[in-house]
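Residue strings, one per chain:
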Amino acid sequence: MTHITHVKGREVLDSRGLPTVEVEVALASGHQGRMMVPSGASTGRFEAHELRDNDTNRYQGRGVLRAVAHVNEEIAAAVTGMNAEDQEGLDRALIDLDGTSNKGRLGANAILGVSFAALHACAAAADKPLFRYLADRYLPQGEQPCLPMPMVNIISGGLHAGKNLDIQDYLVIPVGAKTFPQALEMISAVYWSTRRILQDQGHIASLVADEGGFGPSLATNEAPLEILCTAIEATGMQPGQDMAIALDIAASHFFNASTGYYDLHLDTKRLTTEEMITYLEDWVTRFPIISIEDGLDEEDWFGWQQLTRRIGSRTQLVGDDLFTTNSQRIQRGIEQKAGNAVLIKMNQIGTVTETVDAVLLAKKAGFKTIISARSGETEDATLSDLAVGLNGGQIKIGSLARSSRLAKYNQLLRINEDLHASSLSSWMSK
């Protein structure tokens, strides 16, 4: 009764008001599943290909009617009649049907929508919440799902906020929280404290970036760190003990491949790899920073090894553009000891099976995992169930602003009730 009887794709809008793909899958049992596909702005070169129309007469060329047509025609014809419960078989069929290494022919956005919509339909057929269906299917026997530690954007720069700051995201992690509701309360306090500080400094704090964080124009890349520490202290919390700081450097976006330098325009610095490592090490020494994402370029493997040796024992070093949720690149990082954590973005790789494989590979090697949203999001809350169901340990959704972000935080609050106020994963969890 879990055989696919109908597949429907459509063009809908994401949090930036740009088109994305939504897919519905119906089963012979009468159960249905739906998935809205996220979209990134800060994308790595090795991500699966998001198919866009490039028709400048519609949505600045960002339409997805071609991807939707692939869902409704070629993909629907190929998967109708398949058993959706065989997730691995379905995903392999989708990959083979596309026939490219990066899902560039049919579009990773089309393939991802079908893959996850089928997963939702199967969870509905099993009469289970999605997180429970995932946990029962993929977690080792005896391991129970747990609420992830949130990593929350407070101040934004880079491609998420008009490049006012070279560094893309300044985030907080409520390391002192014992439960997920408490974690949100602590983050909310810091969010509003930061807003007041920015207003007092003459900034328009109501201006927010793609992921809901504040997007002020500041004098240096270090200024947000000072603001966050002040904001944390103003709430009565202790920086580093109750609330720590995380960074998404997104270094690939200011690395100049032709010169080999990292160009920090706001600080008027041109840094070698060694100097960039020292720059980050200095921040880790002086501020309560416990996590750094994409501290170096996505192809600077030797630099990543050096960075890991220098500060990896005291700092979570997260590969996003470096790994792109790709098991082959993650395996290389494991073997070369480049980084110690993996950011998991489902649309970087394109199917349920490949996403799960990336999580399991990283966790088995002792790498931490962070289940992450994209800058272009929707009200779809699949991400929250994925983080809990796979015991991702940490989740990165965005700030406490905009319904595309809050839909996922609210889903985690519902799951928290389902798990009877489960304890919160330590940020140290794999």
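Before going into details, it helps to say that this report is about the structure given with it. Since the structure is predicted, the reported quantities are computational estimates derived from the model, not experimental observations.

Here we take up the overall build of the protein. Scanning the protein for helices and strands turns up 13 helices and 15 strands. Taking 22 Å as the expected radius of gyration for a compact globule of 430 residues, we find that the protein reaches 21 Å, a close match to that expectation. Seen through its principal axes, the protein has C-alpha atoms that stretch 60 × 50 × 45 Å. Taking all 430 residues of the protein together, 61% fall into the buried category. Residue pairs in contact within the protein that sit at least 24 positions apart in sequence constitute 70% of those at least 6 positions apart. Counting only carbon and sulfur atoms, one obtains 48% of the accessible surface of the protein, whose full area is about 15900 Å². Treating the 39 positive side-chain charges of the protein as one cloud and the 53 negative ones as another, the clouds have centres 1 Å apart.

Take the environment of asparagine 416 next. Residue placement: asparagine 416 occurs in helix H13 (residues 403-418). For the pair asparagine 416 and glutamate 379, spaced 37 residues apart in sequence, the C-alpha to C-alpha distance is 19 Å.

Now for the environment of glutamine 328. Within the secondary structure, glutamine 328 sits in helix H9 (residues 327-336). Separated by 40 residues in the primary sequence, glutamine 328 and lysine 368 place their C-alpha atoms 17 Å from one another.

The next thing to look at is the nonpolar core. Ranked by internal contacts, the top residues of the largest apolar core, which has 129 residues, are Val7, Ile75, Tyr170, Ile249, Met276, Trp283 and Ile289. Setting aside residues no more than four positions away along its own chain, tryptophan 283 makes contact with Ile167, Tyr170, Asn221, Glu222, Leu225, Leu247 and Ile289.

Here asparagine 340 shows up in the loop between H9 and strand E13 (341-344). Judged by its relative accessible area of 16%, asparagine 340 falls in the buried class. A polar atom in the side chain of asparagine 340 sits 3.1 Å from the backbone oxygen of threonine 315. When sequence neighbours within four positions are dropped, the list of residues in contact with asparagine 340 reads Gly312, Thr315, Gln316, Leu317, Gly366, Phe367 and Lys368.

So, on to the packing of aromatic side chains. Taken as a whole and assessed by the stated rule, the structure comprises 7 aromatic pairs. Ring geometry for tyrosine 191 versus tryptophan 192: centroids 5.6 Å apart, planes at 85°, classification edge-to-face. The class of tryptophan 192 is partly exposed, set by a relative accessible area of 45%. Ring plane angle 25° and centroid distance 4.6 Å describe the contact between tyrosine 191 and phenylalanine 214, whose orientation is recorded as stacked. Pair noted here: tyrosine 191 is in helix H5 (residues 180-200) and phenylalanine 214 is in the loop between H5 and helix H6 (223-234), with a separation of 23 residues, a long-range link. Taken individually, tyrosine 191 and phenylalanine 214 each receive the classification buried, so the pair is uniform in this respect. Members of the aromatic cluster, each reached through a chain of ring pairs, are Tyr191, Trp192 and Phe214. The positively charged end of arginine 329 is found above the aromatic ring belonging to phenylalanine 46, 3.9 Å away from the centroid.

Definitions and cut-offs
Residues numbered from 1 in each chain as written. Predicted model: local features only at pLDDT ≥ 70, side-chain atom pairs only at ≥ 80, totals over all residues. Heavy atoms only, no water. Helix = DSSP H or I, 4+ residues; strand = E, 2+ residues; numbered from the N terminus. Rg over C-alpha atoms; globule rule 2.2 N^0.38 Å. Buried < 20%, exposed > 50% of the residue type's maximum accessible area, 1.4 Å probe, protein only. Contact = heavy atoms within 4.5 Å. Areas by Shrake-Rupley, 256 points an atom, 1.4 Å probe, with all protein chains shown as cover. Lys, Arg positive; Asp, Glu negative; His and termini not counted. Charge placed at Lys NZ, Arg CZ, Asp CG, Glu CD. Core = buried A, V, L, I, M, F, W, Y, C linked by side-chain atoms within 4.5 Å. Polar contact = N/O pair within 3.5 Å; in protein donor to acceptor, adjacent residues only side chain to side chain. Phe/Tyr/Trp six-rings, centres within 6.5 Å; stacked < 30°, edge-to-face > 60°. Lys NZ or Arg CZ within 6 Å of the ring centre and 35° of its normal.

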